[in-house]
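Okay, here's what each chain looks like letter by letter:
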Amino acid sequence: MTNKTQKQLIDDYLKQPPDPALGKEDSFWANVTPVGREFGSKDYERLMAHDNLVHTAMTSPNPVSLALRVFLDDERATPEGWVRVYWPNEAIDLLKTNAVVEISLDHDLGDDQRGTGYDVVLWIEETVALHGFKPPKMSVHSANSSAREKMEAGIEAINRLVNNKPFD
C-alpha cells in the first residue's frame with residue numbers, strides 16, 4: 001500500500017459517488033479521518049484537558065492569577081509545576097488566554113508540518129508588535145543549536161519591542 005497525502009485521499013474520495021442517503025457533503029464528512037479530538041483518539045483525553053484549561057483561563061476574571069508555566073516539547077519529561085503541550089498551536093492557545101507567565105520552548109517537535117517552537121516565537125513577536133501583547137518570560141531548551149540561536153534572537157527582538165529599544 002502506498003502512502004498518500006491528505007490531499008490525494010480527499011481527491012480520491014471526491015471522485016467516488018456520494019452515499020445517496022447522506023448527500024455528497026455529509027458523505028464526505030462521515031468518512032474524514034479523525035484528527036485528534038474525536039472520542040476514542042489516543043490524544044482525546046489530553047486534548048480535552050487542554051481545551052478545559054484554555055476555557056478555564058479564558059473565563060477567569062484574572063487569568064494571570066493562574067500563573068501557567070508552559071513546556072513545549074515532544075520528548076522530554078515535563079518539569080514539575082509546568083503544563084505540557086506538544087504542538088505550537090496548543091502553546092499559542094494558552095498564550096492567547098493571558099494566563100501564561102513563563103514558557104519554555106523546544107524547536108524540533110517531530111513533525112515540522114505541524115510547526116516548531118520557532119513558530120511560537122514568531123507568533124509572540126507579531127502579537128507584541130501589532131497588538132501590544134505582554135509576553136511571558138521565555139526560554140529555549142532545544143538541543144538543536146542553530147535553531148536555539150534563531151529562537152533566542154527572536155526572543156531578544158521581542159524584548160526590545162517590549163522595552164521600546166532600537167535594534168542594532
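A short tour of the structure in this document, coming up.

Rules behind the numbers
- Residues numbered from 1 in each chain as written.
- Predicted model: local features only at pLDDT ≥ 70, side-chain atom pairs only at ≥ 80, totals over all residues.
- Heavy atoms only, no water.
- Helix = DSSP H or I, 4+ residues; strand = E, 2+ residues; numbered from the N terminus.
- Buried < 20%, exposed > 50% of the residue type's maximum accessible area, 1.4 Å probe, protein only.
- Contact = heavy atoms within 4.5 Å.
- Areas by Shrake-Rupley, 256 points an atom, 1.4 Å probe, with all protein chains shown as cover.
- Axes fitted to C-alpha atoms, helices over the stretch in contact; angles between N-to-C directions.
- Parallel < 35°, antiparallel > 145°, perpendicular 65-115°, else oblique.
- Left-handed = near helix turned anticlockwise from the far one by under 90°.
- Pairing = 2+ DSSP bridges.
- Polar contact = N/O pair within 3.5 Å; in protein donor to acceptor, adjacent residues only side chain to side chain.
- Salt bridge = Lys/Arg side-chain N within 4 Å of Asp/Glu carboxyl O.
- Expected span 1.5 Å × (residues − 1).
- Arc of directions from axis to C-beta.

Brief notes about the overall build of the protein
Inference 1: Looking only at helices and strands, the protein features 6 helices and 4 strands.
Inference 2: Traced from its N-terminal end to its C-terminal end, the protein shows the element sequence α-α-α-β-β-α-β-α-β-α.
Inference 3: A burial count over the protein gives 34% of its 168 residues as buried.
Inference 4: Within the protein, residue pairs in contact and separated by at least 24 positions form 55% of the contacts whose partners lie at least 6 positions apart.
Inference 5: With the model as given, the accessible surface of the protein reaches about 11,000 Å², and the carbon-plus-sulfur share is 52%.

A word on the packing of helix H3 (residues 44-59) against helix H4 (residues 88-95)
Inference 1: At a minimum axis separation of 9 Å, H3 and H4 run at an interaxial angle of 20°. Our classification of the angle between H3 and H4 gives roughly parallel. Note on packing geometry: the crossing formed by H3 with H4 is left-handed. Across the interface between the two elements, Arg-46, Leu-47, His-50, Leu-53 and Val-54 from H3 touch Glu-90, Asp-93 and Leu-94 from H4.

A word on the sheet that holds strand E2 (residues 83-85)
Inference 1: Strand order in the open sheet formed by 4 strands is E2-E1-E3-E4, and the pairing between neighbours is parallel. Two strands close off the open sheet at either side, each with one partner strand: E2 and strand E4 (137-140). With direction set aside, neighbouring strand axes in the sheet form an average angle of 20°.

Quick notes on the side chain of Thr-127
Inference 1: For Thr-127, the location among the structural elements is in helix H5 (residues 117-131).
Inference 2: There is a polar contact of 2.7 Å between the side chain of Thr-127 and the backbone oxygen of Trp-123.
Inference 3: If we ignore the near neighbours within four places in the chain, the residues touching Thr-127 are Gly-132 and Phe-133.

Some thoughts on the pattern of salt bridges
Any two side chains of opposite charge can pair, given that their charged atoms come close.
Inference 1: Taken as a whole and assessed by the stated rule, the structure comprises 5 salt bridges.
Inference 2: The partner of Glu-102 in a salt bridge is Arg-69, and the shortest N-O contact between them spans 3.3 Å. Of the two residues, Glu-102 is situated in strand E3 (residues 100-105) and Arg-69 in strand E1 (residues 68-72); the sequence distance between them amounts to 33 residues.
Inference 3: In this structure, Asp-106 and Arg-76 form a salt bridge, with 3.3 Å as the shortest nitrogen-oxygen distance. With a gap of 30 residues between them, Asp-106 in the loop between E3 and H5 and Arg-76 in the loop between E1 and E2 connect regions that are remote in the sequence.
Inference 4: Exposure remark for Arg-76: the relative accessible area of 31% places this residue in the partly exposed category.
Inference 5: Salt bridges linked by common partners bring Arg-69, Glu-102 and Lys-137 together as one network.

Details of helix H6 (residues 145-162)
Inference 1: Under the 1.5 Å per step criterion, the end-to-end length of H6 is 26 Å for 18 residues, consistent within 8% with the ideal 26 Å.
Inference 2: Among all positions of H6, only Ala-147, Met-151, Gly-154, Ile-155, Ala-157 and Ile-158 are buried. Buried positions in H6, seen along its axis, are confined to an arc of 155° and lie on one side of it. Turned more than 90 degrees off the buried face of H6, the exposed positions are Ser-146, Glu-149 and Glu-156.
Inference 3: The inward-facing, buried residues of H6 abut E3, H5 and E4.
Inference 4: Looking one or two residues beyond H6, the residue adopting positive phi is Asn-164, at roughly 55°.

Examining H5
Inference 1: For H5, which comprises 15 residues, the first-to-last C-alpha distance of 21 Å matches the rise-based estimate of 21 Å (1.5 Å per residue) to within 8%.
Inference 2: The set of residues buried in H5 consists of Gly-117, Val-120, Val-121, Trp-123, Ile-124, Thr-127 and Val-128. Projection of H5 onto a plane perpendicular to its axis shows the buried side chains occupying an angular sector of 160°, all on one side.
Inference 3: Lining the buried residues of H5 we find E1, H4, E3, E4 and H6.

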